[in-house]
Amino acid sequence: MSTLALRNPIKTPTGAVLLALAALLLLGGAVNSQFFSPTYLLLQLQSGAFLGVIAAGATLVILLGHIDLSVPWTLTVAATVATAVARAKGGAWAELGPLAGIAAGALIGLLNGVGVAYLRIPSLIWTLAVNTILLGAVAFYAGNTVISSEPSPVMAALGAGRSFGVLPNAVLVWVAVSVLVVWVLRRTLMGRYIYAVGTREVAAHMSGIDTRRVILGAFVASGVCSAIAGLLLAGYAGQSYQRMGDPFLLPGIAAVVVGGTSILGGRGRYGGTVAGVLLITLMSSMLSLMHVPEAVKQICYGLVIVVMVGLYSRRQAG
């Protein structure tokens, strides 16, 4: 990082988000005296972990210049499959449920990757269509079959449990996913290929990179991350339910974009995504404390994306 960036943190996307996060914390403390209590902050960190896992997968896809709109129902399908298998197997075999849920997420990600990378259908259109198909499939299945929505013991422990009675296990899962994503982006060929394809896919292909496999891998990773978030959320809520993933689509994209990852691909760091997740989580918490309707929350998320992208664009143009 340059000396100028160190002296002026707002010159970097992550620095700008951290400054906004600090301002939001101060404002939250002024609105509610309990805002700084350890119990409340840990609760917000636990809520942010669900969004953080989703944003981890979304970062890989957005770095490629694509977008995954199937997140809501990939999450729901994974949670539904996991709880159904856990109930059907029972006993020690119940833990096949989480594995089945992750497999379902990977399969959906594979379907997305094939459509975008091999059929060359725009990701915005293809993933939206897949999301709609999943919605109909789950509605049909739930309407014609009696299914259990009870999570397995491992899902409940990871989603709602706490290590040493303090730190939410969901946060530990988010940390593990984050470490893996950072390692992939910084230490592997796959990470270099993601940035290369996102910068200019044609040039990457001409340099010998199998761009289709890179895109396929990123979408599979996104599907797995959405599935993991679904398992955690089902464990936290004690059940899976329809539309459980709907509240996470726009915030997930907002966290990545606000963190400085270019929506056009090729530019961004995962550290910015983490800061974006914390900012979006605290913003959502403050709006909830103010009893703001969900519709207004969605408007705020959209405005945050527009404002931050506009600021970054002007900075890059300058």
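In what follows, the accompanying structure is described. Residue indices follow the written sequence of each chain, beginning from 1 at its first position. Restriction of local features to residues with pLDDT of at least 70 applies here, the model being predicted, together with a cutoff of 80 or more for giving and counting side-chain atom pairs; totals for whole chains, interfaces and linings are based on all residues. Based on all heavy atoms of the structure, the side-chain values leave hydrogens and waters out of the count.

**Digging into the overall build of the protein chain**
Scanning the protein chain from N- to C-terminus turns up 14 helices and two strands. In terms of C-alpha radius of gyration, the protein chain reaches 20 Å, essentially the compact-globule figure of 20 Å for 318 residues. Considering only C-alpha atoms, the protein chain reaches an extent of 60 × 55 × 35 Å along its principal axes. With 318 residues in all, the protein chain has 49% of them scored as buried. Pairs at least 24 apart in sequence give 75% of the contacts found in the protein chain among residues at least 6 apart. If you sum the accessible surface of the protein chain, you get close to 15,100 Å²; carbon and sulfur atoms cover 69% of it. If the 18 positive side-chain charges of the protein chain are averaged to one point and the 7 negative ones to another, these points end up 15 Å apart. In this text, helices come from DSSP runs of H or I with a minimum length of four residues, and strands from runs of E with a minimum of two, each type numbered from the N-terminal end. Radius of gyration here is computed from C-alpha atoms only, and the compact-globule reference equals 2.2 Å multiplied by the residue count raised to the power 0.38. Here the term buried applies to any residue with accessible area under 20% of the maximum for its type, exposed to any over 50%, and partly exposed to those in between, with areas from a 1.4 Å probe on protein chains only. We call two residues in contact when some of their heavy atoms are within 4.5 Å. Values of accessible area rely on a 1.4 Å probe in the Shrake-Rupley scheme; residue burial ignores everything except the protein chains shown. Under the convention used here, Asp and Glu are negative, Lys and Arg are positive, and both His and the chain ends fall outside the count. Where a charge lies is defined by one atom per residue type: Lys uses NZ, Arg uses CZ, Asp uses CG and Glu uses CD.

**Side note on empty space enclosed by the protein**
Empty space among the atoms can be located by rolling a probe the size of a water molecule over them. Here a cavity denotes grid points, spaced 1 Å and computed from the protein atoms alone, that fit a 1.4 Å probe unable to get out, and a pocket denotes an open set having protein on both sides within 12 Å along at least 5 of 7 lines; residues with an atom within 4 Å of a point are the lining. Grid points are joined across faces, edges and corners, and a volume is the space filled by probe spheres set on the points. One pass over the structure, following the stated rule, counts one cavity of 30 Å³ or more. Looking at the largest cavity, its volume works out to about 70 Å³. Along the walls of the largest cavity sit I54, A58, V61, I62, I67, D68, V71, S222, L249, G252 and I253, which together make up its complete lining. With four residues, helix α3 (residues 38-63) is the largest single contributor of residues to the lining of the largest cavity. Grouping the constituent residues of the lining of the largest cavity by class yields eight nonpolar, two polar and one charged. When residues are sorted by character, Ala, Val, Leu, Ile, Met, Phe, Trp, Tyr, Cys and Pro go into the nonpolar class, Asp, Glu, Lys and Arg into the charged class, and all the rest, Gly among them, into the polar class.

**Notes on the packing of helix α4 (residues 71-89) against helix α11 (residues 211-237)**
For every element, the axis is a line fit to its C-alpha atoms; helices are fit only across the contacting stretch, and the angle between N-to-C directions ranges from 0 to 180 degrees. The contact between α4 and α11 brings their axes to 7 Å, and the two run at 55°. Judged by the inter-axis angle, α4 sits oblique to α11. By crossing handedness, the relation of α4 to α11 is classed as right-handed. For the pair α4 and α11, the contacting residues are V71, T74, L75, A78, A79, A82 and T83 in the first and G223, S226, A227, A229, G230, L231, L233 and A234 in the second. Here the residues of the contact of α4 with α11 are counted per class, giving ten nonpolar, five polar and no charged. Geometric relationships in this document are graded by angle, where less than 35 degrees denotes roughly parallel, more than 145 denotes roughly antiparallel, 65 to 115 denotes roughly perpendicular, and other angles denote oblique. Left-handed describes a crossing whose near helix is turned anticlockwise from the far helix by less than a right angle; the clockwise case is right-handed.

**As for the environment of L311**
In this structure, L311 sits in helix α14 (residues 294-317). Take L311: its relative accessible area is 48%, and that puts it in the partly exposed class. Each C-alpha atom of the pair L311 and A16 lies 9.9 Å from the other, and the pair is 295 residues apart in sequence.

**Thoughts on the pattern of salt bridges**
Opposite charge on two side chains permits them to pair, given that their charged atoms come into close proximity. Any carboxyl oxygen of Asp or Glu within 4 Å of a side-chain nitrogen of Lys or Arg constitutes a salt bridge here. Taken as a whole, this structure holds two salt bridges when the rule is applied. Among the salt bridges present, the one from R120 reaches E201, with a minimum N-O distance of 3.1 Å. Remark: E201 occurs in helix α10 (residues 201-206) and R120 occurs in the loop between α5 (96-118) and α6 (123-144); sequence separation between them is 81 residues. Looking at R120, the relative accessible area reads 48%, which means it is partly exposed. Here D246 makes a salt bridge to R243, at a shortest N to O gap of 2.9 Å.

**Structural notes on the layout of surface pockets**
Roughly 430 Å³ of internal volume is contained in the largest pocket. As for the largest pocket, its lining consists of 21 residues, of which S47, F248, T281, S284 and Y301 are closest to the centre. Counting only elements with at least two residues in the lining of the largest pocket, the list comes to α3, α11, α13 (270-289) and α14. Classifying every residue of the lining of the largest pocket gives twelve nonpolar, seven polar and two charged.

**What to know about the packing of aromatic side chains**
Any aromatic ring pair is given by two values, namely how distant the centres are and how the planes are angled relative to each other. Here a Phe, Tyr or Trp ring, Trp counted by its six-membered ring, pairs with any other such ring whose centre lies within 6.5 Å, and the pair is stacked when the planes are under 30 degrees apart, edge-to-face when over 60, and tilted otherwise. Enumeration according to the criterion identifies one aromatic pair in this entry. Arranged with centres 5.4 Å apart and planes meeting at 55°, the rings of F50 and Y236 form a pair that is tilted. With a gap of 186 residues between them, F50 in helix α3 and Y236 in helix α11 connect regions that are remote in the sequence. Judged by relative accessible area, F50 falls into the buried class, the value being 4%.

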